[in-house]
Structure formats: structure tokens, C-alpha cells
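In case you want the letters, here they are:
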Amino acid sequence: MKTCALMICFAAAASAAGPWVKGFVVSWYEPAFRFGGRSDYSRGTEIEPGVDCPHGSTTHFANPAQTFKAISLVPWRTSKEIEAISNPPTNTLNRDGEGVYYPVWRAASAYRGYNRDIETYINPFAAEDPGQPQVVSRIGEGFNLDGKIKEIDFVSPDGEKGIDNALYRAWGCDAPWRGNGNGTLVLRSNDKMLEGLYTIVIRLTGNKDPMNDDDVTLEIGYSPDKVMKDASGRVGADYSYRILKSEQYSKLKAKIKDGVVESEQAAEIHMPQIAWFYNQTRDAFFRNGKIRLIIESEDKGTGLVGGYRDWRDLYSQNVFAQDGGQQGVREHEDHIANYYALRRHADGIYNPKTKRYDGVSTAYRMQLVSAFVVDPDKPMEMPVLSAEMRRRKAYDDTAAAMIKATSTLIPQDVPPGSGEEAVGRGGVPIPRRRVR
Amino acid sequence: MFRFLCLGIVALAQPMVPPAGPGVFTAKKIAATSYKLVVMGHKFTARADVEKYLAYRAAEHTLEQNADWFTLTEDRAKGETAVPVPKRDPNGPRYSFRMKNFRPVWRYKAGGATEWKRWSPFSGEPFPSAIGDFEVSVDILLRKAPMDDADPLGFEARALSDLLINQVSPPK
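Residue positions are counted from 1 within each chain, in the order its sequence is given. Each chain is given a letter, starting from A, and each ligand a number, starting from 1, according to the order in which they appear as written. Since the coordinates come from a predicted model, pLDDT governs what is reported: local features require at least 70, and pairs of side-chain atoms require 80 or more to be given and counted, while whole-chain, interface and lining totals use all residues. Where side-chain values are given, they derive from all heavy atoms of the structure, hydrogens and water being excluded.

Side note on the overall build of chain B
Within chain B, the regular secondary structure consists of three helices and seven strands. Strands here are runs of E lasting at least two residues and helices are runs of H or I lasting at least four, both read from the DSSP assignment and numbered beginning at the N terminus. Each helix and strand of chain B, placed in order from N terminus to C terminus, yields the pattern α-β-β-α-β-β-β-β-β-α. For the C-alpha atoms alone, the extent of chain B along its principal axes is close to 65 × 45 × 30 Å. The contact criterion used throughout is that any non-hydrogen atoms of two residues lie within 4.5 Å. Contacts in chain B between residues far apart in sequence, at least 24 positions, make up 75% of those at least 6 positions apart. What sets the accessible areas is the Shrake-Rupley method with a 1.4 Å probe; for residues, cover comes only from the shown protein chains. About 9,100 Å² of surface is accessible on chain B, with carbon and sulfur atoms providing 57% of the total. Side chains of chain B give 24 positive and 19 negative charges; the mean places of these two sets differ by 2 Å. We treat Lys and Arg as the positive residues and Asp and Glu as the negative residues; His and chain ends play no part in the count. Working definition for charges: the position is that of NZ of Lys, CZ of Arg, CG of Asp or CD of Glu.

A short note on the interface of chain B and chain A
Facing 21 residues of chain B, the contacting portion of chain A comprises 27 residues. In total, about 2,000 Å² of surface goes out of reach between chain B and chain A, with carbon and sulfur atoms giving 54% of it. Accessible area that two parts lose when put together, evaluated with a 1.4 Å probe and summed over both, is termed the buried area. Counting the surface chain B buries against chain A, the share from its top three residues, Arg94(B), Arg158(B) and Asp162(B), is 28%. A pair is scored as a salt bridge if a Lys or Arg side-chain nitrogen falls within 4 Å of a carboxyl oxygen belonging to Asp or Glu. In this assembly, chain B and chain A are joined by two salt bridges. With four residues, helix α3 (residues 157–164) of chain B is the largest single contributor of residues to the side of chain B that touches chain A. Considering only residue class, the side of chain B that touches chain A consists of 11 nonpolar, five polar and five charged. When residues are grouped by polarity, Ala, Val, Leu, Ile, Met, Phe, Trp, Tyr, Cys and Pro land in nonpolar, Asp, Glu, Lys and Arg in charged, and all others, Gly among them, in polar.

What to know about the state of the cysteines
All names here are of chain A. Note on terminology: pairs of cysteine sulfur atoms within 2.5 Å are recorded as disulfides. Per the counting criterion, the structure on display carries one disulfide over all chains. Sulfur-sulfur distance for the disulfide between Cys53 and Cys173 comes to 2.1 Å. One quick way to see it: the torsion about the S-S bond of Cys53 and Cys173 is about -100 degrees, and its sign makes the bridge left-handed. In this pair, Cys53 is assigned in the loop between β3 (46–47) and α2 (64–71) and Cys173 in the loop between α5 (166–171) and α6 (184–194), connecting sequence segments 120 residues apart. Partly exposed describes any residue whose relative accessible area lies between the buried limit of under 20% and the exposed limit of over 50%, with all areas from a 1.4 Å probe on protein chains only and scaled to the type maximum. By relative accessible area, which is 1% here, Cys53 ends up buried.

Some points on the side chain of Ser86(A)
All names here are of chain A. Among the structural elements, Ser86 can be located in helix α3 (residues 79–86). When its relative accessible area of 0% is taken as the criterion, Ser86 is described as buried. Apart from residues lying up to four places away in sequence, Ser86 is in contact with Pro64, Thr67, Phe68, Tyr101 and Trp105.

Notes on the packing of aromatic side chains
All names here are of chain B. When two rings of Phe, Tyr or Trp (its six-membered ring) have centres within 6.5 Å they constitute a pair, described as stacked for plane angles under 30 degrees, edge-to-face for angles over 60, and tilted for the intermediate range. Per the stated rule, a full pass over the model turns up 20 aromatic pairs over all chains. Between Phe44 and Trp106, the ring centres sit 5.7 Å apart and the planes meet at 75 degrees, which makes this aromatic pair edge-to-face. Of this pair, Phe44 sits in the loop between β2 (34–41) and α2 (47–64) while Trp106 sits in strand β4 (residues 105–108), placing them 62 residues apart in sequence. Among the residues examined, Phe44 registers a relative accessible area of 25% and is labelled partly exposed. On the accessibility criterion, Trp106 (0% relative accessible area) is buried. Whether a charge sits over a ring depends on NZ of Lys or CZ of Arg being within 6 Å of the ring centre and within 35 degrees of the ring normal. Above the plane of the ring of Phe122 lies Arg76, whose end atom (NZ or CZ) is 4.0 Å from the centre.

Here we look at the packing of α2(A) against α3(A)
Residue and element names in this part refer to chain A. With their axes 8 Å apart at the nearest point, α2 and α3 run at an angle of 145 degrees to one another. The two elements α2 and α3 meet at a crossing, and its hand is right-handed. Taking contact as the criterion, the partners of Pro64, Thr67, Phe68 and Ile71 in α2 are, on α3, Ile82, Glu83, Ile85 and Ser86. The axes used here are C-alpha line fits, helices contributing only the stretch in contact, and every angle between their N-to-C directions lies in the interval 0 to 180 degrees. Crossing chirality is assigned from the near helix's rotation relative to the far helix, an anticlockwise turn below a right angle marking it left-handed and a clockwise turn marking it right-handed.

Some details on the pairing of strand β7 (residues 249–257) of chain A
Residue and element names in this part refer to chain A. Pairing of strand β5 (residues 213–223) with β7, which is carried by seven bridges, proceeds in the antiparallel orientation. Considered in β7, the bridge of Glu219 is made with Lys251. Here, strands pair whenever DSSP counts at least two bridges between them. Of the strand pairs in this sheet, β7 and strand β8 (residues 260–263) are connected by four bridges, and their pairing is antiparallel. Directly across from Lys257, in β8, lies its bridge partner Val260. In this antiparallel pair of consecutive strands, β7 and β8, the connection spans two residues, and Asp258 shows a positive phi of 50 degrees.

Comments concerning the confidence of the model for chain A
This prediction gives chain A a mean pLDDT of 92; 92% of its residues lie at or above 70. A low-confidence stretch, residues 1–14 of chain A (pLDDT under 50), is modelled with 11 contacts involving residues beyond four sequence positions or located in other chains. A score from 0 to 100, pLDDT tells how confident the predictor is in each residue.

Set out below in C-alpha cells:
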């Protein structure tokens, strides 16, 4: 009944011509990976095998055998050491901070270089490629960013050829991001967004029919206002949010046809990137990007944003919020494997100096809830959480060290105060102090 | 001050891998995009040192020829089947390179001997213990991107070069 009434109102609004404004707050934000498995199915040690990833999600560091494989590639480790690291003296796979596996594997995984002193989440090029399952299916979401139809491109679910989403090809089997909206980091990052870590809003303005208008302005950016929820805990409709014209803001030309908004292909799109810690909150920075929104009803819609992102931003975003070993062991992902996959699949932002691509084509899905998106009364900067600045600096310093290392090929030291420093040195964990 | 500045500039200008002496590395074209690469030396240090240097030169040669990756053609003589041929697994993990599959063939003169002997990594024979002069060789086929990362004998040149650049120096 309610839906029917809404449809009638929406149809009435849609037929009106004249200046109009429509706003949305993003209620869900995740990489546009297309899940091919079944959440209730596993085969042996494989988790949710499917057409996307025939052997299921990654199982790096999931058990002693997987850890053995990764550590076996370290040239300075003796077979005795590899055996001892892979099978610490305990009967359980305890991943708690106080457990045995977690600190041992976390520390050992961080030092896989050609010599003992090289921290390889900061210097990933100095470790051997441990191998990464990659997406083998042909269906993928995203945009044809380069205007070409290539053999390696995906076909969209509705049949569009030439879809560029190399991030999906490279990382689509990565355990924390794969699933039917239930990947552990998908859930975690959305939970944090909805708990107030950051907010994304969209504003559309035009002068014709809000469902069919060929001269639309699309704004997307950071809001300093936390996402509001209704009594049931879902994102509430029609709350007001300010949009800041900050470094995480873009204004694009767009068109709407039958409720589908297609932006121009913009040289740059700035908007918040996915984050689950404050130190990761920053500009997603898409190059040659596009946005598509589908207005499903008066109060909700879906969206897709895509473009080329710098591989260094993608890598840092996924590794340095805490430390690579901690996340890798916990989430069954191997950042060294991810590094090689990312660089192997880089397909945009050509760097003539290095003759390599620095960009990876990407696409991200959004769910939208209607909102009033307004300008702040006075121009304002993005708020800063001063209590988190130490961790933010640690992230920046670690990312800078990784960028320097991978561009000069001179291994860089672990920055003081960083998450990677807390892991231990030379693959040996720092003993945790017990609180009594 | 000026002296330190000059020393700094000289240090920066030095290549990360020292140049090889004459004849240490040769690349012979055997077909349109295929090469036989050979590294030779007179003072054996360690098998890994020499093989890594050859792998590095293979990566650099690939880039010099404006290619992006290469496939290694294994040099298996008749009966050298002790080590199985690596199988392609399109549904398995993908790699930029697999160092364990970079297996060149050796020719060497045992200490003081005058005749060359062959050692193949596929023969099952242990690696020789006394080596004087040596020649280590691989045949490679150059390729353009995108890389076939399911090919167990595929090596992405830039990734391989990045890994090895700090580890290798030419044999004497």
C-alpha cells in the first residue's frame, strides 16, 4: 500500500518539468565484485567455490599448510624454521592477540624478502610472488573506461562489452572482499561508515523532468554529518546532510534517461574511499571516471562509480590501516600476492618514464537512500580527529616508504611508530606484555 | 663540500647491477622473438648466484626488446624426465613469475678438466660439486602484455627485474 502510494507520488513528481533537486546519502559502499559462489557451500578446504573463483576465496595463512607455502619461498629460512613457524606448538588455530599462531604468523609473513632485514609489506617487490587466485569468469560490473573492447575485458550483467574492472580480476577472489555482501571487510567498512566514520552524499540538480533530463549536475562528496538511522536501525530517508566542497568532492555533468543517471567521463572524480579506520579516510581519486545512478523509487537508488585508481593508493588502503601481517592472517589474504596481482593487471595511467601503468581500472557499488543535501551555512573544512593523528601519520609514513621503495627499488626501513614496527623485527614477534 | 657532492653524483649515477665483463652475457637470436641467453664465467660461487643473474638478464633483455614478459622453453634432453613438466592450471593461483620454474641448463668443466660436461636440472642428478669454467643457458620467447599468468613458465620482466636487481652481480 505504502509502496503503491509512493509510486503514484513519484510518478507525479517525475512528470513535472522545472528546476529540481534530488539528494542521496550512500548507505552501502563496496567494490563491484561479482560473487559466483554459494554462501552455504564449501568443498574440502575451499570456501564458496563459484564461477568467479573456481577454488573459492583465498585461504592464505588460513592453516599451517597455507602458511608453509608462503614461508617456503623465503630464501633465508631453513626448512626447520619453516616447519616451526607453520606449526607453532599449540593444538588450536588461535588467532587472538594472546594466541600462538597469530603473532608468529603475523611477524613471519612480514619478512619474506631476499634477506632477513627487509620488511616486505613496505617492500613487496623484494619478496617472491606467492600467487593469487584470480577471477576467471567473463561477467563483471563497471564501465568501458578506455572505449575499447578487449579480450581481457568483462561483459556487464546486462550485456555491455568492454567493461574495465581490473581490480575485480586481480582481487575478486580475495577472501575479505568476496561474497554476497558478506565479505568480512565489506561488512566491517560499511559498519564503520554507518557508525559515523565518514559519510558520502550525492546531489542532482536539473531543470527538466527529474527522470529525463539531459542537463544534470551531479555532485558527490564527503559530508561532516553522520549517517542517520531510523528506529529499525536502517539508514533513514530524507534526513539533511551538508556537502563539503573539499578535496573529496566532485561536480560532474550528467544526463538522466528513465531514471538512470549517467555522468560524463571526468578526468578526475574525488570522493571518499572505503575505510574502516580513520587513518584510511581519504580521497578515492578516480581518473577518467564515471558515475551511474539508478533511481529506483522516491526514496532509494543504486549507484556505480568507476575509474582508474593509482595502485599505490589501493595497496596502502588495504594494508596499512593496521599492519599487513595482522590483516593478512586474520582475513586470509596475502598482500604480497595482492601486490603482484595489482601491478600485473594495471591497465591505466601510463607512466612514460617507467613505461608501466600506475592505474588499475575499478568500480564500486553504492546503495542510496534519499536525503536533503545542502551546502553548509559557511564554508567549512573537513573535520580532523586530533586523537587519531598519530595513527594517521603512521599510515602516511608507511605509505610514503612503500612508494619510495617501489619507485627506487631501494628497500626502505620501517617508519617509527608505524603498525609495521609493532609486528616485530626480522620475522620475530615482539612479546606482548600481559595486563594483570 | 664540492668533493662530497661529486661523490654523491657519482654514487647516484652508478647502475644498481655492475656491468658484466666481455663475453659474460650473450643473447643470440634463434627465431623472430626467441633468444638463447648464456651466462659464462670462470669463478663459480653458488648455483643460485649464477641462475639469478641469468634470470635478471633475461628480464632486462625482454625489456630492451620492448617486450613485457617471456616464456622459458625448457631444455630437456631425451630421458631427462626426473622432474615433471610444470602443468598449466587455469583455475589455480596466478603468478608474475615462479622462480622455482626458472631452471637453466649448465655446461661446466670440473676442476682442472678440459672437456665440457652437461648438467640438467631435469635429470635427477645432484648438482656437481666441483665447477671451474661454466656456461648457463636458457631459451626464451618474448611476449607482449597482457601476460598469460597461468603459464607456469611465464615471467613478467619488470616484476622479475625488480626482485633481482639488488641481489645479482655478474660472475667473473
